[in-house]
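# Coordinate analysis (summary)
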Amino acid sequence: VVTQAVGTEEWLERLRMRNSTPELDAQQDYLLQLQLARTRVTRILLEYGSVSKSDGSKTSYTSFVRVVSVAGASASVKSVIEKVDFNINPGYSKPTATSKEPQNKQLG
């Protein structure tokens, strides 16, 4: 048996062609609600981490965060990250460093 991905419009057409039942009507309404909800939200995928570089007896660490993708209602990459606070000791109330602009072209 070969399974194909079916688009939303095709599912709706298949549902329209079936005999209506209360359960089927409820599922169709739910599908439409989900479609509407998806148009009203913004989905943001972030990547974050650290890279290290050894230089003799010293090791330097570079932490980063970058936007991988933005989709949906307000899909503007520029306004996703306003600033990033790096805090190596969460016991202190002030962050170790704050950045409002990317410091590394490769990492973000």
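A few points on the structure. Just so you know, these numbers come straight off a predicted model, no measurement behind them. Along each chain, the written sequence defines residue order, and numbers are assigned to residues from 1. Local features in this predicted model are restricted to residues whose pLDDT is 70 or higher, and side-chain atom pairs enter the listing and the counts only when it is 80 or higher, whereas totals over whole chains, interfaces and linings include all residues. Hydrogens are left out, water is left out, and the side-chain values use all remaining heavy atoms of the structure.

### As for the overall build of the protein chain
To keep it simple, the criterion reads: Each helix corresponds to a stretch of at least 4 residues labelled H or I by DSSP, and each strand to a stretch of at least 2 residues labelled E; elements are numbered beginning at the N terminus. Any residue under 20% of the maximum accessible area for its type is buried, any over 50% is exposed, and the rest in between are partly exposed; the area is computed with a 1.4 Å probe on protein chains only. Whether two residues touch is decided by their heavy atoms; if any such pair falls within 4.5 Å, the residues are in contact.
Secondary structure summary: the protein chain contains two helices and four strands in total. Secondary structure elements in the protein chain, listed N-terminal to C-terminal, are α-α-β-β-β-β. Going through the 108 residues of the protein chain one by one, you find that 8% of them count as buried. Put simply, of all contacts in the protein chain between residues at least 6 apart along the chain, 31% involve residues at least 24 apart.

### Observations regarding the packing of helix 1 (residues 8-17) against helix 2 (residues 22-39)
Using the following cut-off: Only C-alpha atoms enter the line fits that serve as axes; for helices the fit covers just the stretch in contact. Angles between N-to-C directions range over 0 to 180 degrees. Orientation labels follow simple angle bins: below 35 degrees gives roughly parallel, above 145 gives roughly antiparallel, 65 to 115 gives roughly perpendicular, and whatever is left gives oblique. In this scheme, a crossing is called left-handed if the near helix is turned counterclockwise away from the far one by less than a right angle; it is called right-handed if the turn is clockwise. Following the grouping adopted for this structure description, the nonpolar residues are Ala, Val, Leu, Ile, Met, Phe, Trp, Tyr, Cys and Pro, the charged ones are Asp, Glu, Lys and Arg, and the polar ones are all others, Gly among them.
Orientation of helix 1 relative to helix 2, taken along the N-to-C sense of each, is 160°, at an axis distance of 11 Å. Between helix 1 and helix 2, the angle falls in the class roughly antiparallel. Note that helix 1 runs across helix 2; the crossing there is left-handed. Counted together, T8, L12, L15 and R16 of helix 1 and L24, Q28, L31, L32 and Q35 of helix 2 form the full contact between these two elements. Of the residues contributing to the contact of helix 1 with helix 2, the split by class is five nonpolar, three polar and one charged.

### Thoughts on the pairing of strand 2 (residues 58-72)
Looking along a regular strand, one sees the side chains alternate between the two faces of the sheet. The following threshold applies: When DSSP finds two or more bridges between two strands, those strands count as paired.
As judged from the 14 bridges shared by strand 1 (residues 42-55) and strand 2, these two strands associate in the antiparallel manner. Among the inter-strand pairings, S54 is bridged to a residue of strand 2, identified as T59. In this antiparallel pair of consecutive strands, strand 1 and strand 2, the connection spans two residues, and G56 shows a positive phi of 70°.

### A short note on the pattern of salt bridges
A side chain of one charge can pair with a side chain of the opposite charge when the charged atoms of the two come close. Under the convention used in this document: Salt bridge, as applied in this entry: a Lys or Arg side-chain nitrogen positioned within 4 Å of an Asp or Glu carboxyl oxygen.
One pass over the full model with this rule turns up two salt bridges. E47 is the salt-bridge partner of R66, the closest N and O atoms lying 2.8 Å from each other. Of this pair, R66 sits in strand 2 while E47 sits in strand 1, placing them 19 residues apart in sequence. Taking the relative accessible area as the measure of exposure, R66 reaches 25% and is therefore partly exposed. The partner of K83 in a salt bridge is D85, with the nearest N and O atoms 4.0 Å apart. Judged by its relative accessible area of 44%, K83 falls in the partly exposed class.

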